[in-house]
Amino acid sequence: MQKLLIFTDLHLLPKGETLIGLDPGARLAQGLAHATERHPDAARIILTGDLTHNADPAEYAQLRRILDTQSIPVALMVGNHDRRAPMLAEFPQTPTTSQGFVQQVIDLGDHRLILLDTLNEAAADTHSGLLCEARLEWLEERLAEAPDKRCVLFTHHPVFATGFKGMDWIGLKSIPELSALLGRHRNVVQVISGHIHRTIQGTINGIPAAIFKSPCHQMPMALGYQDPRLSVAEPGAYGIVLLTDDGIVIHTEDFTLPDLDSTLYD
């Protein structure tokens, strides 16, 4: 069994600045400390985009300072609040494709993790996602070369409509094309995303898809609202993904809740 720790929608600001009264940097540091203390056997920490709030170099520098304390390998992705140039300037070791997209493959035993770049810097609304022809071709090649591996896809933007009207408006514009591609390659067993700031389960072409909450602020349960900027100070969370011989097991941990007294289980 392999274990992954998933953090999404960090929205880091320069040190000391806050969002709706919450300090994203302090929340991330708390969540990472919680996760690595309880799961030191994790194979990877994956940050699935919206690493920063404004894509400012000072925000990426703040992320660098926080991650410098980690002993578990960390893989970075970009989201709609990120920009590739300042992110890669601070993290030049991050793998990219020949076209400059922040995409990579991580093989862990019988599983292949495929981290995709759904950032659309050219979008008129600046926040909707895209998997262009070049990115989809790259994905198809990575799937075709590993027919015997169980592939897990990671995207920032979800691969299904969630019912949150405002967030779906700034969702992934390439869902039909991705769904058709997945229909040609039956080795994908799970998709994992962020963007919505809620824990949600869905499917794409019959493949399970999961969305995790943020370590900072969350989306309130307001399905019918058009405004994608709604935020609430619910508990911060991260995801735990278990890659087993029998399938994928997914947990979510609200790390800002008080710890239960272990004596309750004696």
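Residues numbered from 1 in each chain as written. Predicted model: local features only at pLDDT ≥ 70, side-chain atom pairs only at ≥ 80, totals over all residues. Heavy atoms only, no water.

### Here we look at helix α4 (residues 133-144)
1) Next: For α4, spanning twelve residues, the distance from its first C-alpha to its last is 16 Å, which sits close to the expected 16 Å at 1.5 Å a residue.
2) Next: All buried positions along α4 are accounted for by R135, L136, W138, L139, R142 and L143. For α4, the angular spread of buried residues about the axis comes to 160°, placing them on one side.
3) Next: If you follow the buried residues of α4, they end up packed against α3 (84-90), β4 (104-108), β5 (111-115), β6 (150-154), α6 (175-184) and β7 (188-193). (Helix = DSSP H or I, 4+ residues; strand = E, 2+ residues; numbered from the N terminus. Expected span 1.5 Å × (residues − 1). Buried < 20%, exposed > 50% of the residue type's maximum accessible area, 1.4 Å probe, protein only. Arc of directions from axis to C-beta. Contact = heavy atoms within 4.5 Å.)

### With respect to the sheet that holds strand β11 (residues 248-254)
1) Next: What the five strands build is an open sheet, ordered β3-β2-β1-β10-β11; its pairing is mixed. Looking along the sheet, the strands with just one partner apiece sit at the ends: β3 (74-77) and β11. The sheet shows a mean angle of 20° between the axes of neighbouring strands, taken without regard to direction.
2) Next: Here strand β1 (residues 2-7) runs beside strand β2 (residues 44-48); their pairing, made up of four bridges, is parallel. (Pairing = 2+ DSSP bridges. Axes fitted to C-alpha atoms, helices over the stretch in contact; angles between N-to-C directions.)

### A word on the packing of aromatic side chains
1) Next: The full count for this structure, using the stated rule, is two aromatic pairs.
2) Next: Seen from their ring centres, F7 and Y238 are 5.1 Å apart, and the 20° between their planes marks the pair as stacked. Here F7 is found in strand β1, whereas its partner Y238 is found in strand β10 (residues 237-243), with 231 residues between them in sequence. For the pair F7 and Y238, a shared accessibility class is recorded, and that class is buried.
3) Next: Relative to F255, the ring of Y238 has its centre 6.0 Å away and its plane inclined at 25°; by these criteria the two rings are stacked. In this pair, Y238 is assigned in strand β10 and F255 in the segment after β11, connecting sequence segments 17 residues apart. For the pair Y238 and F255, a shared accessibility class is recorded, and that class is buried.
4) Next: Among the aromatic residues, those joined into a ring-pair cluster are F7, Y238 and F255. (Phe/Tyr/Trp six-rings, centres within 6.5 Å; stacked < 30°, edge-to-face > 60°.)

### Quick notes on the side chain of D117
1) Next: Note on placement: D117 falls in the loop between β5 and α4.
2) Next: Discounting chain neighbours no more than four positions away, the residues touching D117 are V78, R84, F101, V102, Q103, L130, L131 and R135.

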